[in-house]
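Descriptive structure summary
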Protein chains: 2
Amino acid sequence: MSLRLTILGCHSATPRVNAYPTSQYLEINNHHFLIDCGEGTQRQMRKYKISFSKINHIFISHLHGDHFFGLIGFISTLGLLNREKELHIYAPKGIKEVTTLQLKISNSWTKYQLIFHELSSSESETIFEDDKVVVKTIPLTHRVYTNGFLFTEKEKPRKLHIKNIKQYDEIDICDYHNIKAGKDIILSTGEVISNEKLTLSPPKPKSYAFCSDTQYKPDIIPIIKKVDLLYHEATFLEDRADLTKKTKHSTAKQAAQIAKDAEISQLIIGHYSSRYSNLLKFKEEAQEIFDAVNLAETGKVFTI
Amino acid sequence: MSLRLTILGCHSATPRVNAYPTSQYLEINNHHFLIDCGEGTQRQMRKYKISFSKINHIFISHLHGDHFFGLIGFISTLGLLNREKELHIYAPKGIKEVTTLQLKISNSWTKYQLIFHELSSSESETIFEDDKVVVKTIPLTHRVYTNGFLFTEKEKPRKLHIKNIKQYDEIDICDYHNIKAGKDIILSTGEVISNEKLTLSPPKPKSYAFCSDTQYKPDIIPIIKKVDLLYHEATFLEDRADLTKKTKHSTAKQAAQIAKDAEISQLIIGHYSSRYSNLLKFKEEAQEIFDAVNLAETGKVFTI
C-alpha cells in the first residue's frame, strides 16, 4: 500500500451532526498529509484514530470557512500536546495573518515553529518536493482564490531481480549495491550484463488529485491527466445546475466529465450541497458520463 | 419554567469524539443566550435541536480557543441561513479584530449586523439589560482577561389575587388594570383596600452565574450571593491541586467552597481536565464541602 486516503468530512457549508465539512487525510509513500481543515477536523481525526503527531504538512485549498475554520484549533491542540517539530501550512495568502492574530489574542503562541507557504500564483507550481513525493497546485476557479493539489509519488528505485542475478555465479552480494544504483555488470569474460536484465521495474508511481471547490474547469485536465485517483467536488445535481455559475461550484456530471477527459482511473465526488438527502443520485448522474465513480463518505478509506 | 440551561460542551482543552469544549445554551425569561462557543458548538446545537435563529446574544468569557474557536463558524452559518437580525457579541477586547479579519479573508461578510460589545473592565458591570433580564460580568482571574456572567431575571409584576378580589362586589374587571399597576382601590364607603391584599407576590426572580475559567477567587462571592444555579469550573481534583496556581484553574473542592460561601442553591461543575476519566471523583470531592453538586455532562439540561 502506498496511497491511502481517509475522508474526514465531505459536505459543503456548515458542520451538522453527521455531516462534516471538507477534510481529508492522505498517506502517500510514507508521508502523512492533511488536506483542508473544516471545523471539527480534529474531532474527526480522533474518531478515525489518526495520529496528530505524524502530520507535518497541511494543504488548504481556499479560505472559505468550511475548508479552514478547524485549522486554528488543530494548531492549538498540537501546542497542548507539546509538539516540537515544525508544521508546514500551504494555503492562500492571508492564512498567516489570521492564524497569527488568533494565536496572539488567545495568548497561546506555539512552542513549535509554524511555517507558512502562502500561495498566490495563478499557474500550477511545485510547492513541496522530496525524494518520495512531489506536490503541485492545480489552479481552480471559485469565488475566492483556490487551488487543488496534485500529489505524486516519486519513482522508486528498480528492485533486484534475484532469479536472474542467481544465473550468474560470478555476481556477488557485494555487487548488489551497484546493481541497485543502476549500473551494468561486466563479467570476467568481458560480457556486459545490462542493468535492466538484473532488476525489476518499480511499481508505477501513484498519484492523487484533490480538486475542491471549483466550477467546471477543463483547463485542469492536462495537469491531472491519468491520475490514479481524483477527488472532484460535486456540489449540485443537474436539477440545480443553474446555481453553478453564481456559486462557482460543479455538478456531479461535470466532475465526471473532467474525470473522463483526463482519463483518470477512479473518481471520488463530494462536497454535496445540504439541500440533498439522497446522495445516490450524485453517483447515478456522474455514471452517465464516467463509470468508476465513488461517493465520498465520512470515514471512508480509499486505497491504491 | 423560566430558567433552563443546556450543556453543549463541558470539557477543557480540545474537542475529542465525545468531549466538547465549553459552550452552554441558557433560556431565561424568554431570552435565548449562548455562553462560550468552543469548536464544534454549532454541531452540538444541531444535535440538541437548538434554534440558531433565536440566539441574539452571545457571551464569551475569554479568548482561549476552547471557549471561542467555534464562534466564527457559527457567525458564518447564520450568514448562510440568511439571518437578517443583528447579533450581539459580548467578549474581551480583540474579538472584533479577529472576527472581522476572518470574515474578510474568507470574503464572507455577513448581511446581518454584528454588534461587538468588547469588555475590558476589571470591575463587575452591567452589560445587558431589558425589562426581562439583566446580565452582569463577574471578573475572574485566569491566564488571560476573563469574565464570568451573572444572569438575573427582572422581578415580574404582582398577579391578581382573584379569590380576594371577588370578596368585593364593587371591584369591577375594569379595575384590574389599576390593580396590576400596583394601585390600591378605594371603595364607595371610603375604605381603602391595599394593593397587597388584592395581588399575589410574583415568583422570586431566578438567577444563574457562569464562572469559567478561573482560579479560586473568593472576591466573586458578593456578586453571586444566593444565586439559584452556579456553574463553576473544576479543572482538577485534589491530586493535582498543585497545578491550579500555574494554570489559574480551580479544583472541585474550591468550586464547592465558593458555592458554600456564596450560599447558592445548586452547583454545577465542569471543564474537567482530560487527564481524568472517572468524573464521579469530582462530585465526591466537591460534596465534602457542599452537598448540592451536579456534574456537567454534554447534553444535560438543568431547569429551575
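Let me sum up the structure you'll find in this document. (Residues numbered from 1 in each chain as written. Chains lettered and ligands numbered in written order. Predicted model: local features only at pLDDT ≥ 70, side-chain atom pairs only at ≥ 80, totals over all residues.)

A few points about the interface of chain B and chain A
Cut-off, in case you're wondering: Residue pairs are scored as contacts if the distance between their C-beta atoms, which are placed from the backbone, is within 7 Å. As a working rule, the residues Ala, Val, Leu, Ile, Met, Phe, Trp, Tyr, Cys and Pro are called nonpolar, Asp, Glu, Lys and Arg charged, and the rest polar, with Gly in that last group.
At the junction of the two partners, chain B supplies 32 residues and chain A supplies 32 residues. Across the side of chain B that touches chain A, the residue classes tally to 11 nonpolar, 14 polar and 7 charged.

Overview of the pairing of strand β16 (residues 266–270) of chain B
Across a regular strand the side chains alternate sides, sitting on one face of the sheet and then on the other. Residue and element names in this part refer to chain B. Here is the rule we go by: The burial criterion counts other C-beta atoms lying within 10 Å of a residue's C-beta, which is placed from the backbone; the residue is buried at 20 or more, exposed at 12 or fewer, and partly exposed between these limits. A run of H or I in DSSP becomes a helix once it reaches four residues, and a run of E becomes a strand once it reaches two; helices and strands are each numbered from the N terminus. Two strands are said to pair when DSSP picks up at least two bridges between them. Here a crossover is taken to be right-handed if, once the strands point away from the viewer, the path from the first strand over the helix to the second is traced clockwise.
In terms of burial, β16 is a largely internal element, 4 of the 5 residues being buried. Across 5 bridges, strand β15 (residues 229–233) lies against β16 in parallel orientation. The partner of H232 across the bridge, within β16, is I269. Of the strand pairs in this sheet, β16 and strand β17 (residues 293–295) are connected by 3 bridges, and their pairing is parallel. Of the residues in β17, the one forming a bridge with L267 is V293. The β-α-β motif built from β16, the intervening helix α11 (residues 280–287) and the parallel element β17 has right-handed crossover chirality.

Details of the sheet that holds strand β5 (residues 87–92) of chain A
Consider a sheet: its strands pair through backbone hydrogen bonds, and that pairing is either parallel or antiparallel. Residue and element names in this part refer to chain A. This is how the line gets drawn: Angles run from 0 to 180 degrees between N-to-C directions of axes, and those axes are lines fitted to C-alpha atoms, restricted for helices to the stretch in contact.
Here we have 7 strands laid out as an open sheet, ordered β6-β5-β4-β3-β2-β1-β18, and mixed in their pairing. Two strands bound the open sheet, and with one partner strand each, they are β6 (114–119) and β18 (301–303). Taken over all neighbouring pairs, the strand axes of this sheet differ in orientation by 20° on average, direction set aside. Where strand β1 (residues 3–9) and strand β2 (residues 23–28) come together, 6 bridges link them in antiparallel fashion. Looking at β2, one finds that L5 is bridged to L26. Relative to the sheet, helix α4 (residues 95–105) contacts β5 and β6, its axis offset from that of β6 by approximately 145°.

Section: helix α10 (residues 252–261) of chain A
Burial within α10 of chain A is extensive, with 8 of its 10 residues counted as buried. Backbone geometry just after α10 of chain A places E263 of chain A at a positive phi near 55°.

Description of the relation of the copies chain B and chain A
Threshold: What sets the superposition is a least-squares fit of C-alpha atoms, and only residues with pLDDT of at least 70 in both copies go into it.
For the pair chain B and chain A, the superposition axis carries a translation of 0.0 Å, the fit reaches an RMSD of 0.1 Å, and the rotation angle comes to 180°. In short, the pair behaves as if placed about a two-fold rotation axis. Using C-alpha coordinates, one finds that chain B approaches the rotation axis most closely at G40 of chain B, a distance of 2.8 Å.

Comments concerning the pairing of strand β2 (residues 23–28) of chain B
All names here are of chain B. Counting buried residues along β2, 5 of its 6 residues qualify, which places the element largely inside the surrounding structure. Across 5 bridges, the pairing between β2 and strand β3 (residues 31–35) is antiparallel. Residue pairing for β3: Q24 is matched across the bridge by I35. Where β2 folds back onto β3 in an antiparallel hairpin, the turn is made up of 2 residues, including N29, whose phi is positive at roughly 50°.

Digging into the environment of Y276 of chain A
Residue and element names in this part refer to chain A. In this structure, Y276 sits in the loop between β16 (266–270) and α11 (280–287). Owing to 17 C-beta atoms within 10 Å, Y276 belongs among the partly exposed residues under this scheme. Sequence separation between Y276 and L119 is 157 residues, and the spatial gap between their C-alpha atoms is 33 Å. Setting aside anything within four residues of it in sequence, one finds Y276 in contact with L237 and K281.

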